[in-house]
Amino acid sequence: MADAGGWYYVYDTVGNCRVSSHVEHRSRLAEMIKRSRFFLVTNARWYDRERTGGQEELGLRYFEGAAGGAVLVGDAPRNASFKEHFGWEDSVIPLPSDSGEIADALAELDANPSRLERISKTNVLNSLRRHDHVHRWGQILSVAGLPETEAMQGRRRRLEELATSIERTMLDNR
């Protein structure tokens, strides 16, 4: 599709261009994702069934792509963890990794810009409310019986303000 024109595709974010640190890699990846319509996802270690024993787990790509507002296309793990963290409608558009129908699936999605916009905003909205590191730290502190810091509470408020702003734009566009 990229060779035919009109599409840009990056396979590997590490080997394609040198980075000086993990911080630079994270920054470049985030910048790329937020400018992408689609982000391919698949189960962690999908290529190594011998090692996983067929167990399907979430990889970081799901979190990265959703937070960047991309439409996630690919395989969704069939487990409780996926349902807990990505249980909203269209969180992943199903397309098996061995599918030969990628071009058709993306063209069908691309033909419905309002659906793409809804999916993108819903992914960001859920990432703000579920997947920021402050949520994980809050869980850890809760288990330890410790209160959240003022900085954490402030971050939660800012995240909620952003999420509410996105919800308003979604309602305005209906």
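Bear in mind that the values here come from a model prediction, so they are computed numbers and not experimental data.

> Go over the sheet that holds strand β3 (residues 93-94) with me, naming the residues and quoting the values.
Read from one edge of the open sheet, three strands run β1-β2-β3, paired in parallel fashion. Every other strand in the sheet has two partners, leaving β1 (38-41) and β3 as the edge strands with one partner each. As judged from the four bridges shared by β1 and strand β2 (residues 71-74), these two strands associate in the parallel manner. Counted as the bridge partner of Leu-40 is Val-73 from β2. Against the sheet, helix α3 (residues 60-67) contacts β1 and β2, and its axis sits at roughly 170° relative to β1. In the packing of helix α5 (residues 102-110) onto the sheet, the strands contacted are β1, β2 and β3, and the crossing angle to β1 comes to about 140°.

> Give a description of helix α1 (residues 22-33) that names residues and reports values.
The terminal C-alpha atoms of α1, which comprises twelve residues, lie 16 Å apart, in line with the 16 Å expected from a rise of 1.5 Å per residue. Those residues of α1 that sit buried are His-25, Leu-29 and Ile-33. Axial view of α1: buried residues confined to an arc of 60°, hence all on one face. Those residues of α1 that are buried lie in contact with β1 and α3.

Here is what the cut-offs are and how they apply
Residues numbered from 1 in each chain as written. Predicted model: local features only at pLDDT ≥ 70, side-chain atom pairs only at ≥ 80, totals over all residues. Heavy atoms only, no water. Pairing = 2+ DSSP bridges. Helix = DSSP H or I, 4+ residues; strand = E, 2+ residues; numbered from the N terminus. Contact = heavy atoms within 4.5 Å. Axes fitted to C-alpha atoms, helices over the stretch in contact; angles between N-to-C directions. Expected span 1.5 Å × (residues − 1). Buried < 20%, exposed > 50% of the residue type's maximum accessible area, 1.4 Å probe, protein only. Arc of directions from axis to C-beta.

Purely spatial values, then, with no claim about function.
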